[in-house]
Amino acid sequence: VLGGDQYLGSVGATTTTRTTAGGSSFELYVLWIAAPVVAVVLVAALAGAVLGWRERNGRRTLLCLMMVVAVLLAPLYQAHIETTVSLYKHLVFGAWFGAIAAGYALSRATVVNAAKGWRVGLAAAIFCGLVGFDQASGWYGYWPNSTRLMATVEHYLPAKGPILMEDGDNMVAYYYLLHHEGLSKQPQVLTSYAFTPHAVSTMIQIHSVWMVETDTGTGIPPSSIQESLAGTRTGLARYGYRRVARIPWRDPDGATGWFTIWLYRGK
C-alpha cells in the first residue's frame, strides 16, 4: 500500500493475479512439478509437528504446523490458478519457513540418542546436499548461454531508444548492462511479458522501440512479440527494422533455437 498503485500492480502481475492456463489436469501437473523441490523439507517439517504433539507442547506443535502450511501455500495456490510460471522461485519462500520445523525435528535426534543422534543430522545434510546439487545443476543449465547475445547487444550501444526483449532475456540484459563500463546512461530494457500482442504491434509500428530481440526455438511458446502482427519477420521489415544478428543457441537438454536482433534504422 505504501508503494502505491505501481507497486501493487507489480505484485499482482507477478504473484496474485497471474493468468491461468492448462486444463482439467493441470492442477495435478503443478503439484507434480513442485513435489521434488519441497518433499524433503515438508516431510521433516511434518516430523517436527508430530514430535511437538508427542511431547504435549501445544505451542511448538502449532508453530510447526504453521511452517508446514507455509511450505504448501505456493504449490497449492499455483495449482489453483493453473500456472507453473516462477514456481521454483515461489517454493523457496515456503521452504525457508519449513526448514525451521525441519531443524527442530533433526535436533530432537540427540535427545532420543545422545551418543548417535548426530548421525541423523549428518545423514540429512548429505542427502539434501546430493539432491540439491542435482537440482542446482538442472537449473544452471535451464537457460541457454547468452554470452553472444549480450556481446551483440553491447556492440550496438549506446542505445538510441528503448530495447524490447523476450521475457527472461531482458533480465540477463539488465544485469550485464547495469555493470557495463563506459555507458553514461542505462538503456531502457522492456520485457515482452508486460505487453499484449496488440500493444507490441503498436510499439513497432510507431517505432517507440529501437531494438527488438526475439527468442525462438524448440519448446518455447510464442511470446507477445511473435503473436503480434508487426512482430513477425515480415512485419518488422515492413516497419523499418533490419535484422542485424541471428545467434543460435542450444541448452544442455538438447533444445535449440535462435536469438534474433532487429534494429530500427530510422533513429
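Structural data are supplied above this passage.
The residue numbers shown here count from 1 along each chain, following its written sequence. With pLDDT at 70 or above as the cut-off, local features in this predicted model cover only qualifying residues; side-chain atom pairs require 80 or more to be listed or tallied, and sums for whole chains, interfaces and linings still use all residues. To get the side-chain values, take all heavy atoms of the structure and skip hydrogens and water.

Trainee: If you had to explain the nonpolar core to someone new, which residues and values would you point to?
Mentor: In terms of nonpolar packing, the biggest core is built from 19 residues, with Leu149, Val153, Met165, Met211 and Ile261 touching the most fellow members. Strands are runs of DSSP state E lasting at least 2 residues, helices are runs of H or I lasting at least 4, and numbering of each runs from the N terminus. Top contributing element to this core by residue count: strand β4 (residues 241-250), with 4 residues. The criterion used for residue contact is that any of the two residues' heavy atoms lie within 4.5 Å. Residues contacting Val153, with those up to four places away along its chain left out, are Leu177, Met211 and Ile261. Only buried Ala, Val, Leu, Ile, Met, Phe, Trp, Tyr and Cys residues count toward a nonpolar core, and they belong to the same one when joined by side-chain atoms within 4.5 Å. Summary of the burial criterion: residues with accessible area below 20% of their type's maximum are buried, those above 50% are exposed, and those between are partly exposed, where the area comes from a 1.4 Å probe applied to protein chains only.

Trainee: So what's going on with the packing of helix α3 (residues 58-80) against helix α4 (residues 87-107)? Residues and values would help.
Mentor: Only the contacting stretch of a helix is used when fitting its axis, a line to C-alpha atoms as for every element, and angles between N-to-C directions run 0 to 180 degrees. The N-to-C vectors of α3 and α4 enclose an angle of 165 degrees; their axes lie 8 Å apart at closest approach. Judged on the interaxial angle alone, α4 and α3 are roughly antiparallel. Remark: the crossing between α3 and α4 carries left-handed chirality. For the pair formed by α3 and α4, the contact residues are Arg60, Cys64, Met67, Ala70, Val71, Ala74, Pro75 and Gln78 on the first element and Leu87, His90, Leu91, Gly94, Phe97, Gly98, Ile100, Ala101 and Tyr104 on the second. Only Asp, Glu, Lys and Arg are considered charged, only Ala, Val, Leu, Ile, Met, Phe, Trp, Tyr, Cys and Pro nonpolar, and every remaining residue, Gly among them, polar. Of the residues that constitute the contact of α3 with α4, the class distribution is 12 nonpolar, 4 polar and 1 charged. Any angle from 65 to 115 degrees is called roughly perpendicular, while one under 35 is roughly parallel, one over 145 is roughly antiparallel, and all others are oblique. Should the near helix be turned counterclockwise from the far one by less than a right angle, the crossing is left-handed, whereas a clockwise turn marks it as right-handed.

Trainee: A description of the side chain of Ser192 should follow, citing residues and the corresponding values.
Mentor: Take Ser192: it is sitting in the loop between β2 (189-191) and α9 (197-205). Ser192 gets classed as buried once you look at its relative accessible area, which sits at 4%. Those residues in contact with Ser192, other than ones at most four positions away along the chain, are Leu164, Met165, Glu166, Asp167, Ser223, Ser224 and Ile225.

Trainee: Please set out the sheet that holds β2 residue by residue, giving values where relevant.
Mentor: Spatially, 5 strands are ordered β2-β1-β3-β5-β4 in an open sheet, and the strand pairing comes out mixed. Unpaired on one side and paired on the other, β2 and β4 mark the two borders of the sheet. When the angles between neighbouring strand axes are averaged without regard to direction, this sheet yields 20 degrees. Paired strands, as defined in this entry, are two strands with at least two bridges between them according to DSSP. Relative to β2, strand β1 (residues 163-165) runs parallel, the two sharing 3 bridges. Bridged to Met165 within β2 is Thr191. Strands in contact with helix α7 (residues 147-155) are β1, β3 (211-217), β4 and β5 (256-264); relative to β4, the strand with the most contacts, it is inclined by about 160 degrees.

Trainee: I'd like a rundown of the pattern of salt bridges, residues and numbers included.
Mentor: Should the charged atoms of two oppositely charged side chains come close, the side chains can pair. We define a salt bridge as a side-chain nitrogen of Lys or Arg found within 4 Å of a carboxyl oxygen belonging to Asp or Glu. In the structure shown here, the tally under the stated rule is 2 salt bridges. Salt-bridge contacts for Arg60 lead to Glu55; the nearest nitrogen and oxygen are separated by 3.7 Å. With relative accessibility at 33%, the residue Glu55 sits in the partly exposed group. A salt bridge links Glu55 to Arg108; its shortest N-O distance comes to 2.9 Å. Of the two residues, Glu55 sits in the loop between α2 (26-54) and α3 while Arg108 sits in the loop between α4 and α5 (109-112), which places them 53 residues apart along the sequence. Connected via shared salt-bridge partners are Glu55, Arg60 and Arg108.

Trainee: Tell me about helix α8 (residues 169-178), and name the residues and values.
Mentor: Inspection of α8 places Asp169, Asn170, Ala173 and Leu177 among the buried residues, and these make up the whole buried set. When α8 is viewed along its axis, its buried side chains cluster within an angular range of 95 degrees and face the same direction. Along its buried surface, α8 packs onto α7, β1, β2, β3 and β5. Directions pointing from the helix axis toward each C-beta atom define the arc.

Trainee: Describe the environment of Pro187, with residues and values.
Mentor: Mapping Pro187 onto the fold places it in the loop between α8 and β2. Its relative accessible area of 7% is what places Pro187 among the buried residues. Expressed as a C-alpha distance, the spacing of Pro187 and Ala173, which sit 14 residues apart in the sequence, is 9.6 Å.

Trainee: Tell me about the pairing of β4, and name the residues and values.
Mentor: Across 9 bridges, β4 lies against β5 in antiparallel orientation. Within β5, the residue paired with Arg242 across the bridge is Leu263. Where β4 folds back onto β5 in an antiparallel hairpin, the turn is made up of 5 residues, including Gly254, whose phi is positive at roughly 100 degrees.

Trainee: Explain the packing of aromatic side chains to me, and be specific about the residues and the numbers.
Mentor: Pairing of aromatic rings covers Phe, Tyr and the six-membered ring of Trp, with a centre-to-centre limit of 6.5 Å; geometry is then stacked below 30 degrees between planes, edge-to-face above 60, and tilted otherwise. What the rule picks out here adds up to 4 aromatic pairs. Between Trp249 and Phe259, the ring centres sit 6.3 Å apart and the planes meet at 40 degrees, which makes this aromatic pair tilted. Of this pair, Trp249 sits in strand β4 while Phe259 sits in strand β5, and the two are 10 residues apart along the sequence. Relative accessible area serves as the criterion here: at 7%, Trp249 is assigned to the buried category. By relative accessible area, Phe259 is classed as buried at 2%. Seen from the ring of Trp258, Arg246 lies directly overhead, with NZ or CZ sitting 3.9 Å from the centre. Here, a charge over a ring is recorded when the distance from Lys NZ or Arg CZ to the ring centre is within 6 Å and its angle to the ring normal is within 35 degrees.

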